[in-house]
Structures are given as C-alpha cells and as structure tokens.
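Working through the structure, step by step
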Amino acid sequence: MPSPFLKRVHQDDLTGNLRNAWQKSMELRGDATFFEVFGNNPGLFDWYTNSFYKEVFYAGSVSRRIKELVRLRLSTIHGCRFCNQGNRQDALAAGLTEAEIEGLSDYENAPFSAAEKAALRLADQMLLTNPDGELSQSLYDDLKEYYSDGELLELGMVMAVLAGMAKFLFAFDLVEKEEYCPFNRG
C-alpha cells in the first residue's frame, strides 16, 4: 500500500468530485490514497479531471479507443497497479476486447489495426523506461498514414501527461505498483 509523506485528507472531508472518486476507487481498488492526498488541493484535482481528461483525453480529434489503448500500454509497462485497474475497465468501455488487452504485450502480432499498432509504437517511444525514445522519421512516416500532425501532437501530449503523472505517482508514493514495476523501491 502507498505510504506518502503528504497528508491524507479523510474521506469525510473530501468534497464533490474527490469524494465521488474516492468512493469509486475504494470499490474498484480498495485504496484511494491518490484522492485523499489530492484533498489537500481540490482545485488541482479539478484541473486534472476537467482540463486534461474532459477537454483533451475524452475530447480532441483522436478517438477515445486509441487514447485508451496507449494509456493502458503505458500503465502496463510502467507497472502502476492503481492505473491498470481503472485503465483496463476504461479500455473495455471504449470498445477494446479482452483479447486485445491481453495482446498488448505483443501488439504487433495481436488483433490491432495498422493505425493502432502505429500509435502503440509511438507509446513505446514515450515510456519512462525508454529514455532514448524519439519520433524518428520512419515512425513519423508510418503514423502520417493514419494521423494528421495535429492528431500526432495531441497523442504525444496525452502520452506526455500520462507518463509524467506516472512519474509523479511513483515519486510521491501515491499508488500501489505491480510487483514487476521497474520503479519499485529497493
């Protein structure tokens, strides 16, 4: 279980969206440390859920299915158990199948479209475990078959925020990690 240095706000003192998110997280994961800590700054939580998720992740020009696919790829490789539990449900809700989710570890041989595989290759470049990741000319050429430059910018920004959040969640010890997580402390 997470053990952050930051104060955890008791569930009874959480307001609005945080209280609802706390309840859903307890039902799904049995842990809501992330939401308790955000109780220290509800406005920041509102920015994250409203500005990032509502305006960019769930909106924008790239389909939700693609965004859910790359989000699950990132959280699976990063080893965030907290994220994986919610991301898996959200991926299913966005139309991914169990077979597709199970095929993420070998996505080139899984039942994904060429556009989805290209987005997953971009996700691999954005992984925290890939410090040399880059949008190469060949990857760009492949992606351009399916996505406009504006859509690629959107995908890259979404993945940057998600990867940055993973680093934040791990560094501040706000979430439970998978046993295989490459960021488990010694």
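As shown above, the structure is provided for reference.
Okay, so let's go over this structure. (Residues numbered from 1 in each chain as written. Predicted model: local features only at pLDDT ≥ 70, side-chain atom pairs only at ≥ 80, totals over all residues. Heavy atoms only, no water.)

**Remarks on the packing of aromatic side chains**
Here is the rule: The criterion for an aromatic pair is that two Phe, Tyr or Trp rings (for Trp, the six-membered ring) have centres within 6.5 Å, with stacked assigned to planes under 30 degrees apart, edge-to-face to planes over 60 apart and tilted to the rest. Each helix corresponds to a stretch of at least 4 residues labelled H or I by DSSP, and each strand to a stretch of at least 2 residues labelled E; elements are numbered beginning at the N terminus. Each residue gets one of three labels from its accessible area relative to the maximum for its type: buried under 20%, exposed over 50%, partly exposed in between, using a 1.4 Å probe on protein chains only. We call a charge positioned over a ring when the NZ of a Lys or the CZ of an Arg lies within 6 Å of the ring centre and within 35 degrees of the ring normal.
Under the definition given, this model contains 19 aromatic pairs. Pairing Phe35 with Phe45 gives two aromatic rings, centres 5.7 Å apart and planes at 85 degrees, and the pair type is edge-to-face. Of this pair, Phe35 sits in helix α2 (residues 33-38) while Phe45 is found in helix α3 (residues 42-57), placing the two residues ten residues apart along the sequence. For the pair Phe35 and Phe45, one class covers both residues: buried. Linked through ring pairs, Phe34, Phe35, Phe38, Phe45, Phe82, Phe168 and Phe172 together constitute an aromatic cluster. Its guanidinium or amino end placed over the ring of Phe82, Arg29 lies 3.8 Å from that ring's centre, counting from NZ or CZ.

**Section: the pattern of salt bridges**
Convention followed: Within this document, salt bridges are pairs made up of a side-chain nitrogen of Lys or Arg and a carboxyl oxygen of Asp or Glu, the two lying within 4 Å of each other.
For the structure shown, the criterion picks out 16 salt bridges. The partner of Arg8 in a salt bridge is Glu36, with the nearest N and O atoms 2.7 Å apart. You can see Arg8 sitting in the segment before α1 (16-29) and its partner Glu36 sitting in helix α2, a full 28 residues away along the chain. Shared partners join several salt bridges into a network, and the residues in it are Arg64, Glu68, Arg71 and Asp90.

**Comments concerning the packing of α3 against helix α9 (residues 149-171)**
Stated precisely, the cut-off is as follows: Helix axes are fitted only over the stretch in contact, all axes being lines through C-alpha atoms; the angle between N-to-C directions runs from 0 to 180 degrees. Each angle gets one of four labels, with under 35 degrees taken as roughly parallel, over 145 as roughly antiparallel, 65 to 115 as roughly perpendicular, and the rest as oblique. Each crossing is labelled by how the near helix is turned from the far one, with a counterclockwise turn of less than a right angle marking it left-handed and a clockwise turn marking it right-handed. Any pair of residues with heavy atoms lying within 4.5 Å of one another is described as a contacting pair.
The interhelical angle for the contact between α3 and α9, taken along N-to-C directions, is 150 degrees, at an axis separation of 11 Å. Compared by their axis directions, α3 and α9 come out roughly antiparallel. For α3 against α9, the interelement crossing comes out left-handed. Residues Tyr48, Phe52, Tyr53, Val56 and Phe57 of α3 form the contact with α9, whose participating residues are Glu154, Val158, Val161, Leu162 and Met165.

**Remarks on the nonpolar core**
Under the convention used in this document: Working definition of a nonpolar core: buried Ala, Val, Leu, Ile, Met, Phe, Trp, Tyr and Cys residues. They are joined through side-chain atoms within 4.5 Å.
Phe34, Phe35, Tyr147 and Leu155 are the most contacted members of the largest nonpolar core, which has 43 residues in total. For this core, the secondary-structure elements that each account for two or more residues are α1, α2, α3, α4 (64-78), α5 (81-93), α7 (114-126), α8 (137-143) and α9. With nine residues, the single largest contributor to this core is α9. Once residues lying within four places of it in the same chain are set aside, the contact partners of Leu155 are Val62, Ile66, Val70, Ala119, Leu122 and Tyr147. Counting residues in each nonpolar core, the second largest holds ten residues, with Leu72, Leu96, Tyr107 and Ala110 among its members.

**So, the packing of α7 against α9**
At a minimum axis separation of 10 Å, α7 and α9 run at an interaxial angle of 40 degrees. Here α9 runs oblique to α7, going by the angle between their axes. When the axes of α7 and α9 are compared, the crossing they make is right-handed. On α9, the residues that touch Ala119, Leu122, Ala123 and Met126 of α7 are Leu155, Gly156, Met159, Ala160 and Ala163.

**With respect to the environment of Ala160**
Here Ala160 shows up in helix α9. Take Ala160: its relative accessible area is 35%, and that puts it in the partly exposed class. Along the chain, Ala160 and Leu128 lie 32 residues apart, while their C-alpha atoms are 9.6 Å from each other.

**Comments concerning α5**
Here is the rule we go by: Each helix should span, by expectation, one fewer than its residue count multiplied by 1.5 Å.
End to end, α5 covers 19 Å across 13 residues, agreeing with the expected 18 Å (1.5 Å per residue, within 8%). Regarding α5, the residues found buried are Phe82, Cys83, Asn84, Gly86, Asn87 and Ala91. Tucked inside the fold, the buried residues of α5 contact α1, α2, α4, α6 (98-102) and α9. Gly95 sits one or two positions beyond α5 and adopts a positive phi of about 105 degrees.

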